[in-house]
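Here are the chains, one letter per residue:
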Amino acid sequence: MRKRVVSVWFPRLSSDRVLRARAMETANANRPFAVIHHEKNTDRIYCLNQAAEVQGLYRGMGFSDARAYCPDLRSEPANTLADARFLHLLARWGKRYCPWVGLDGTDGLILNTTGSTHLFGGEAQMLDDMRHRFARAGLNGRIAAADTRGAAWALTHYASYPGADITSLPVAALRLDGKADTALQRLGLRRISDLLALPRATITRRFGPNVMLRLDQAMGAQDEMVTPIGETPHYAVRMTLPEPIGLSADVMAGTKRLLEQLCEKLKDQAMGARRLQLTLRRVDQGAHQVELRLAAPMRDAFRILPLFERGIAAVDAGFGIDQLRLEATQVERLSNAQITSATPVRLDGLEDLITRLGNRIGLENIQRYLPADSHIPERSFQIAPAAYSHATGSWSHLRPRPLRLFKPEPIAAIGSQPPAQFRWRRMSLTTGRATGPERIAPEWWLPDDNWRSGVRDYWKVDTTQGRRLWLFYTPQNPNWFVQGEFP
Amino acid sequence: MIATMIHFESHFPLKNTRTHEVCGASAHVFAFALAGQLCSENGRTALWVREAWHGHQINPVGFSSYLDPKHLLIAQAPSHIDVLASTEQALRSGHVALVIAQITQPIGLTEGRRLQLAAQAGNATGLCILPEGMGNNAAQTRWHCAPVFDESNAAEDSTLQSWKLIKNKSGTLSAWTVKWNAQTRRISVVSPPIQR
């Protein structure tokens, strides 16, 4: 079967994208419009529409000059990321014509339509269909089909009429770099036919192998592949029901079917869901969303299903639900693991409990303590969400530390020795024994407002009333505070 | 004295499948000593549920000699109702050995009874830390713990306290003077001083 390649070039991709989004203004589409790119400290025209070109503007022109020529020029800053995203969307759309759709530079698509043209009634009809759809979508697209990728590219970029002979096109149509192109022009080789007439060896000797490679690719002597862009896996499944349902048991049964499909998909990709969203569409077009955040990546339908119970029970079914959609909005890699007698017992149940509690009070609010390396009592530990951390590290302390810590509470006392009597929280306390001082200096490399008062001398004070408190004195700013309580 | 007659060991690792209460200044020590005994040996987890607005921080460096902090999870619930609901759910799940709930408001008989049923269903122990005088009738036992000044022992780590059993559904009330034994990592009963 003859290989056929279709090349699509969007000469005004950037401006078309912006103008498409401004649907209200397409009525006066023949007003000049330009996309501006800030480059080398000046604003330059990056892309412009037909009307602007008619006014005499061109790409790379300074924006201030352009405005002087054309005072009613509308403009928009360039967004190359959005352009790339738009081109990816177009590539995905291009899969309606053939399965091999690749990107061609930043503003073109390349389609390998070998064997799929008959589905549209022939190649000419297919190209017409494309042109028609581009025109309806407000896109300027140049389309050409040829036997090779190089020839198709040359036709879209350089042919002045469809069906032109490729040998009559200028040499730049061979996708040469600027240097080789200029050198060929200087030698008087303006058209591809001129290049074909020369002996191959002389060209290679003079310009390196690239020119001949490009020529061979265009003429079909050398094969060139179309690399299709891979499809990113999409973790969403849905189910439409012929009759609306309302009982929570029915919704659960529907969710179960969706979950099984979704988990199969996740298993194929060795992924685990971290966040799931179940959308229940009602017959009156309202939609309810049930979100489930999991404490660990998971892909076992039987474990995830009971976790949905609480969310589904809270949904108001109204006149009934007729569509269910389940999407894993956040996924994480979860590789298969061999289970042997030696593998440690996994705390699956605990993770499920964290998920359940997390769906009530927020997954970040289930926390665990991790050790941190600091002498500052408040910084000697870290609090981390349990769902996103592992219990590690060892806990050690050289001197006794209080069981409870609170914000420093000032007490009335003077002198560097602990007071014999003091009042704290409306209790009158008498010092029975004081142990200390233990001096802790602030960590100057970390700014901390609480430690502005300088070094602290910590004392453990056992009161005769029973309470054992952790007091500190700040010699640089004489004051006494209570900061903790010992067992 | 009656106190010496009743064996401390028959009370202290609190009765499983029930919810208990503790109040007083040393209630946290009681909770950590219990958690250490229930969780450290068999590697099970304890869950500490409290309201998020609490300014008091429990210090993992301080309680690491009682309970390895890796065996403890903290749940910061936004409201009192969420504390109770989370406690019930955790007790019922059976995946944690102990649930400690820090309660700031009195709870009704219904809520207390629900916690009891949840502890029974999940084969777990529940412990509510509450302000003094806010007991609940459904609790199995209620303890009052207060630190005591230790005159005789000049050691730095004096941990003498008085633990009083002030409510017991199945038995008599009692009181003990106890201290933390750092070597054995256990609470040990101190014999009462001789009255001369």
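Residues numbered from 1 in each chain as written. Chains lettered and ligands numbered in written order. Predicted model: local features only at pLDDT ≥ 70, side-chain atom pairs only at ≥ 80, totals over all residues. Heavy atoms only, no water.

Asks: So what's going on with the sheet that holds strand β18 (residues 468-473) of chain A? Which residues, and what values?
Replies: Consider a sheet: its strands pair through backbone hydrogen bonds, and that pairing is either parallel or antiparallel. The strand order across the open sheet built from 7 strands is β15(A)-β16(A)-β17(A)-β18(A)-β19(A)-β14(A)-β3(B), with neighbouring strands paired in antiparallel fashion. What marks the edges here is a single partner per strand, and that holds for β15 (421-424) of chain A together with β3 (57-58) of chain B. With 5 bridges joining them, β18 of chain A and strand β19 (residues 480-485) of chain A adopt antiparallel strand pairing. In the sheet register, leucine 471 of chain A faces β19 of chain A, and the bridge partner there is valine 482 of chain A. (Pairing = 2+ DSSP bridges. Helix = DSSP H or I, 4+ residues; strand = E, 2+ residues; numbered from the N terminus.)

Asks: Summarise the packing of aromatic side chains; cite the residues concerned and give the values.
Replies: Scanning all chains against the criterion turns up 26 aromatic pairs over all chains. Considering the side-chain rings of tryptophan 93 of chain A and tyrosine 97 of chain A, the 5.5 Å spacing of their centres and the 80° angle between planes classify their relative orientation as edge-to-face. Tryptophan 93 of chain A sits in the partly exposed class, given a relative accessible area of 27%. Taken together, the ring pairs in this structure connect Phe8, Phe12, Phe30, Trp143, Trp163 and Trp176 of chain B into an aromatic cluster. (Phe/Tyr/Trp six-rings, centres within 6.5 Å; stacked < 30°, edge-to-face > 60°. Buried < 20%, exposed > 50% of the residue type's maximum accessible area, 1.4 Å probe, protein only.)

Asks: Describe in detail the interface of chain B and chain A, supporting the description with residues and values.
Replies: Each partner contributes to the interface: chain B provides 49 residues, whereas chain A provides 43 residues. Across the chain B/chain A interface, buried area totals approximately 4100 Å², and carbon plus sulfur atoms make up 61% of it. Summed over the shared surface of chain B and chain A, the result is 1 salt bridge. Across the pair aspartate 82 of chain B and arginine 360 of chain A runs a salt bridge whose closest N-O atoms are separated by 3.5 Å. Joining chain B to chain A, the criterion identifies 14 residue pairs in polar contact (both at pLDDT 80 or more). Contributing elements (two or more residues each) for the side of chain B that touches chain A: α2 (27-39), β3, α3 (60-63), β4 (72-77) and α4 (80-93) of chain B. Across the side of chain B that touches chain A, the residue classes break down as 25 nonpolar, 17 polar and 7 charged. The sheet contact formed by strand β14 (residues 404-411) of chain A and β3 of chain B spans 2 bridges and is antiparallel. Its bridge partner lying in β3 of chain B, leucine 405 of chain A is registered against glutamine 57 of chain B. (Contact = heavy atoms within 4.5 Å. Buried area = accessible area lost by both parts, 1.4 Å probe. Salt bridge = Lys/Arg side-chain N within 4 Å of Asp/Glu carboxyl O. Polar contact = N/O pair within 3.5 Å; in protein donor to acceptor, adjacent residues only side chain to side chain. Nonpolar A, V, L, I, M, F, W, Y, C, P; charged D, E, K, R; others polar.)

Asks: If you had to explain the pairing of strand β16 (residues 427-440) of chain A to someone new, which residues and values would you point to?
Replies: All names here are of chain A. In this structure, β15 lies alongside β16, joined through 4 bridges in antiparallel fashion. Across the sheet, the residue bridging to glutamine 421 is threonine 430, located in β16. Here β15 folds back onto β16 in antiparallel fashion, the turn holding 2 residues, of which arginine 425 has a positive phi close to 50°. Across 7 bridges, β16 lies against strand β17 (residues 456-463) in antiparallel orientation. Pairing of threonine 435 across the sheet is with lysine 460, part of β17.

Asks: Break down the sheet that holds strand β2 (residues 33-39) of chain A for me, citing the residues and quoting the values.
Replies: Residue and element names in this part refer to chain A. As summarised here, the arrangement of the 3 strands in space is β3-β2-β4, forming an open sheet in which the pairing is mixed. Both edges of this open sheet fall to β3 (42-48) and β4 (74-77), since each of them pairs with a single strand only. Between one strand axis and the next, the sheet turns by 40° as a mean value, whatever way the strands run. (Axes fitted to C-alpha atoms, helices over the stretch in contact; angles between N-to-C directions.)

Asks: I'd like to hear about helix α6 (residues 149-158) of chain A, residue by residue, with values.
Replies: All names here are of chain A. Burial analysis of α6 places 9 of its 10 residues in the buried class, the great majority of the element. All of the buried residues along α6 are Arg149, Gly150, Ala151, Ala152, Trp153, Ala154, Leu155, Thr156 and His157. Structurally, α6 contributes buried residues whose contacts are with β1 (5-9), β5 (100-104), β6 (108-112), β7 (142-146) and α10 (209-219).

Asks: With reference to specific residues and values, describe the pattern of salt bridges.
Replies: Residue and element names in this part refer to chain A. Scanning all chains against the criterion turns up 38 salt bridges over all chains. A salt bridge links arginine 149 to aspartate 104, with the nearest nitrogen and oxygen atoms 3.5 Å apart. In this pair, arginine 149 is assigned in helix α6 and aspartate 104 in strand β5, connecting sequence segments 45 residues apart. Each member of the pair arginine 149 and aspartate 104 is classed as buried.

Asks: Would you mind going over the nonpolar core in detail, with residue names and values included?
Replies: Membership of the largest hydrophobic core comes to 48 residues, with the highest contact counts inside it found for Phe30, Phe32, Trp48, Leu72, Trp143 and Trp163 of chain B. With 9 residues, the top contributor of residues to this core is α2 of chain B. Discounting chain neighbours no more than four positions away, the residues touching phenylalanine 32 of chain B are Leu403 of chain A together with Trp48, Ile58, Phe63, Tyr66, Leu67 and Leu72 of chain B. In this structure, Val251, Ile312, Val315 and Leu326 of chain A belong to the second largest nonpolar core, which totals 33 residues. (Core = buried A, V, L, I, M, F, W, Y, C linked by side-chain atoms within 4.5 Å.)

Asks: Mind laying out the UniProt feature "domain: DNA polymerase Y-family little finger" (unreviewed entry) in chain A, listing which residues take part and the relevant values?
Replies: UniProt annotation of "domain: DNA polymerase Y-family little finger" (unreviewed entry) refers to residues 237-339 of chain A when read in the numbering used here. Within the segment residues 237-339 of chain A, helix and strand shares are 33% and 45% respectively, and the terminal C-alpha atoms sit 30 Å apart. (UniProt positions renumbered as here; feature names shortened; annotations may be inferred.)

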